[in-house]
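Tertiary structure, described
Spelled out from the first residue to the last, the chains are:
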Amino acid sequence: MPLVLIVTGPPASGKTSLARRLAPMLGLPLLCKDSVKEVLFETLGWSDRAWSQRLGGASMEVLYAFIEAHLAVGASCAVEANFAAQYATPAFRRLSERYTCLPIQVNCSADPEVLVERFRLRALSGERHPGHHDYYAESRPPSAGRTEPLDIGGHVIECDTTDAVDQDALAARVRALWQQPGPRSGE
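Residues numbered from 1 in each chain as written. Predicted model: local features only at pLDDT ≥ 70, side-chain atom pairs only at ≥ 80, totals over all residues. Heavy atoms only, no water.

Bringing the overall build of the chain into the picture now. When its secondary structure is counted, the chain shows six helices and five strands. Taken from the N to the C terminus, the helices and strands of the chain come in the order β-α-β-α-α-β-α-β-α-β-α. Long-range contacts, defined here as pairs at least 24 residues apart, represent 79% of the contacts in the chain between residues at least 6 apart. As displayed, the chain has an accessible area near 9,400 Å², and 53% of this comes from carbon and sulfur atoms. (Helix = DSSP H or I, 4+ residues; strand = E, 2+ residues; numbered from the N terminus. Contact = heavy atoms within 4.5 Å. Areas by Shrake-Rupley, 256 points an atom, 1.4 Å probe, with all protein chains shown as cover.)

Let us look at the pairing of strand β3 (residues 77-80). Burial along β3 is two-sided: the residues Cys-77 and Val-79 and Ala-78 and Glu-80 are all buried. Sheet analysis places strand β1 (residues 3-8) next to β3, joined by four bridges and oriented parallel. Bridge pairing in β3 links Leu-5 to Ala-78. Here three bridges tie strand β2 (residues 30-32) to β3, and the two strands are oriented parallel to one another. If you follow Leu-31 over to β3, its bridge partner there is Val-79. (Buried < 20%, exposed > 50% of the residue type's maximum accessible area, 1.4 Å probe, protein only. Pairing = 2+ DSSP bridges.)

So, about the packing of helix α2 (residues 33-44) against helix α3 (residues 49-72). At a minimum axis distance of 8 Å, the contact between α2 and α3 shows a crossing angle of 125°. If you check the angle between α2 and α3, you find them oblique. For the pair α2 and α3, the crossing hand works out as right-handed. Taken together, the residues of α3 that come into contact with α2 (itself represented by Lys-33, Val-36, Lys-37, Leu-40, Phe-41 and Leu-44) are Trp-51, Ser-52, Leu-55, Gly-56, Ala-58, Ser-59, Met-60, Val-62, Leu-63 and Phe-66. (Axes fitted to C-alpha atoms, helices over the stretch in contact; angles between N-to-C directions. Parallel < 35°, antiparallel > 145°, perpendicular 65-115°, else oblique. Left-handed = near helix turned anticlockwise from the far one by under 90°.)

This next bit is on the pattern of salt bridges. The full count for this structure, using the stated rule, is two salt bridges. We note a salt bridge from Arg-98 to Glu-68, for which the minimum N-O separation is 3.1 Å. One end of the pair, Arg-98, is in helix α4 (residues 85-98); the other, Glu-68, is in helix α3, with 30 residues separating them in the sequence. Arg-98 sits in the partly exposed class, given a relative accessible area of 49%. (Salt bridge = Lys/Arg side-chain N within 4 Å of Asp/Glu carboxyl O.)

Further remarks concern the state of the cysteines. All told, the structure shown has zero disulfides when counted by the stated rule. Considering cysteine sulfurs only, Cys-159 is the nearest to Cys-108, which forms no disulfide, with 4.9 Å between them. (Disulfide = S-S within 2.5 Å.)

Once that is clear, we can look at the nonpolar core. Residues Val-4, Tyr-64, Ile-67, Val-79, Phe-83 and Phe-92 are the most contacted members of the largest nonpolar core, which totals 24 residues. Elements represented by at least two residues in this core include exactly β1, α2, α3, β3 and α4. A per-element tally of this core places α3 first, with six residues. Ignoring sequence-local partners within four residues, the contact set of Phe-83 consists of Ile-6, Val-7, Thr-8, Met-60, Tyr-64, Ala-88, Phe-92 and Leu-150. (Core = buried A, V, L, I, M, F, W, Y, C linked by side-chain atoms within 4.5 Å.)

Shown next as structure tokens:
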């Protein structure tokens, strides 16, 4: 049964770091929105926040195409982004109507104060591509500590990243859910 591991949550919730460690532990290729977006910045250029948002939307569509390419050949994958329910729920539902798969969401969260500080430090670090426009003074930092999981069936694992996450235990939990019998999307 192909697995679609969805690592999501608000900005600065640690989802990228967690996904980059978790995917190899599970033997899954990892598809990240920001990686796609940065390729687009380097290929098409970057300018203002509106352009960043436009490329963000295009990056999401590329992610869904990559997920579909994996599912079309019965392959599993992990995907990481701050999925907005209004757009992501219909997209994942369409995929699950076409392909039998098991969606497992790792919904990252953290204390709001921790998110704001992580966001500030990330913006000031200079490590992210400038096309993201993570300039703290101009950006609105995350105000909520968590986002609601997507309504797409499968399983949801709530993961508070305020403190260190036991990655081995998380990987074991995903493996156990992946191997258990039961209804899957597409059935």
